[in-house]
Each structure stands twice: as structure tokens, then as C-alpha cells.
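Fold and geometry: a report
Letter by letter, the chains look like this.
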Amino acid sequence: MRLTLPACLSAFILAAAPAASAASAGDVRSDLIEKIADIVAIGRLCPALEVDMINVTTVSRGSRIGERAEDYAVIETLASAREGAVLRAGLTDSACLDGARRYGPGGSTLPGMLRQR
């Protein structure tokens, strides 16, 4: 049996893993795309949270995310997959709590990316 972790939990595990001493710009960009997909999925799953598009856009532009059309396709695909994984696992409440903790106004990962509706 294969265990599928909710997106926010798998992203947390990846973020907690030891990083190489010098990350390439591509790694940083890919990591941010992963986090944005997580934020989008949480915004869709959680009725009390919404994506702060101004903050997400500001962070994205700094890493040149969105300059290529495929960036949006990748984010959408990842967000949809993560949303489905959380729903199938029945972990919506915990994903919402974790998402608010990581991406909410006082977030530990990317603060201010999600806000209360």
C-alpha cells in the first residue's frame, strides 16, 4: 500500500530536510513554485482562508515566476494534485491548520501568503 501525504505535509518534510550549502537559482525557483502550488491548494481547500494575490505576486516576480506560461501550468497541476491528495486522505482540517501556520500572517515558511476570508 502506498502512503500519500497531504501536500502541506510533504512540503514541510522537504523543507525540513538538510539543504545543500549553495542552492542554485533553479532550485530556489522550483522550491518557490512548489510552495505557491501548496498555497493555491490550501486556498481552495479551506473556506476560512484565501490566497493573498498581492503578496504571492510580489514574491513570484522576485524569482521571475510567471514570465513563462508554463509556470502557471505547473503551479495549477501541482495545486490540483495536492488538493486531491488532501481530499482523498480526509485531512482537510489538518491541512488548513498547517497551511495557516506556515503561510498565514505570522507564518513560519512564507508569512502573509494566506489571509482570513
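In this numbering scheme, every chain counts its residues from 1 along its sequence in written order. Only residues with pLDDT of at least 70 are given local features in this predicted model, and only at 80 or more are side-chain atom pairs given and counted; all residues enter the totals for whole chains, interfaces and linings. Heavy atoms from the whole structure form the basis of all side-chain values; hydrogens and water molecules are not counted.

Turning our attention to the overall build of the chain. The numbering of helices and of strands both runs from the N terminus, where a helix is a DSSP run of H or I of at least 4 residues and a strand a run of E of at least 2. Looking only at helices and strands, the chain has 5 helices and 2 strands in total. Along its sequence from the N terminus, the chain presents helices and strands in the succession α-α-β-α-α-α-β. In the chain, which comprises 117 residues, the share counted as buried stands at 37%. Note on definitions: a residue-residue contact is assigned when non-hydrogen atoms from the two residues lie within 4.5 Å. Relative to all contacts within the chain whose residues are 6 or more apart in sequence, the contacts with residues 24 or more apart total 74%. The protein chains shown are the only cover counted for residues, whose accessible areas, like all others here, come from Shrake-Rupley with a 1.4 Å probe. With an accessible surface of roughly 7,000 Å², the chain has 61% of that area assigned to carbon and sulfur atoms. Relative accessibility thresholds used throughout: buried, under 20% of the residue-type maximum; exposed, over 50%; partly exposed, between the two (1.4 Å probe, protein chains only).

Among buried residues, the Ala, Val, Leu, Ile, Met, Phe, Trp, Tyr and Cys ones that are joined through side-chain atoms within 4.5 Å form a nonpolar core. Ranked by size, the top nonpolar core spans 22 residues in total, and within it I39, Y103 and L114 carry the most contacts. If you list the elements that add at least two residues to this core, you get α2 (25–45), β1 (49–51), α4 (69–89) and α5 (92–103). A per-element tally of this core places α2 first, with 8 residues. The residues contacting Y103, other than those within four sequence positions of it, are K35, D38, I39, I42, T109, L110, P111, G112, M113 and L114.

Grid points spaced at 1 Å over the protein atoms alone were grouped into cavities, where a 1.4 Å probe fits but cannot get out, and pockets, open sets with protein on both sides within 12 Å along at least five of seven lines, with lining residues defined by an atom within 4 Å of a point. Grid points are joined across faces, edges and corners, and a volume is the space filled by probe spheres set on the points. Roughly 250 Å³ of internal volume is contained in the second largest pocket. Of all the elements in the fold, those that place two or more residues in the lining of the second largest pocket are α2, α3 (53–62) and α4. Take the lining of the second largest pocket: its biggest share by element is 5 residues, from α3.

In this model, the chain carries a mean pLDDT of 84, and residues with pLDDT of at least 70 account for 80%. Each residue carries a pLDDT score, the predictor's confidence in it, ranging from 0 to 100. Throughout residues 1–22 the model reports pLDDT below 50, and contacts reaching past four residues in sequence, or to other chains, amount to 19 contacts.

Time to look at the pattern of salt bridges. For this analysis, a salt bridge means a side-chain nitrogen from Lys or Arg found within 4 Å of a carboxyl oxygen belonging to Asp or Glu. Using the criterion set out here, one finds 12 salt bridges in the structure. Residue R29 is joined to D71 by a salt bridge in which the shortest nitrogen-to-oxygen separation is 2.5 Å. One end of the pair, R29, is in helix α2; the other, D71, is in helix α4, and 42 residues separate them in sequence. Each member of the pair, R29 together with D71, is buried. Across the pair E70 and R68 runs a salt bridge, and its minimum N-O distance is 3.8 Å. In this structure E70 comes out as partly exposed when scored by relative accessible area, which is 44%. By relative accessible area, R68 is classed as partly exposed at 41%.

Attention now goes to α4. Between the first and last C-alpha of α4 there are 31 Å, a value that for 21 residues agrees with the 30 Å anticipated at 1.5 Å per step. Restricting attention to buried positions, one finds in α4 the residues D71, I75, A79, R82, E83, G84, A85 and V86. In the segment just after α4, G90 is the residue with positive phi, at about 70 degrees. For a helix, the expected span equals 1.5 Å multiplied by the residue count minus one.

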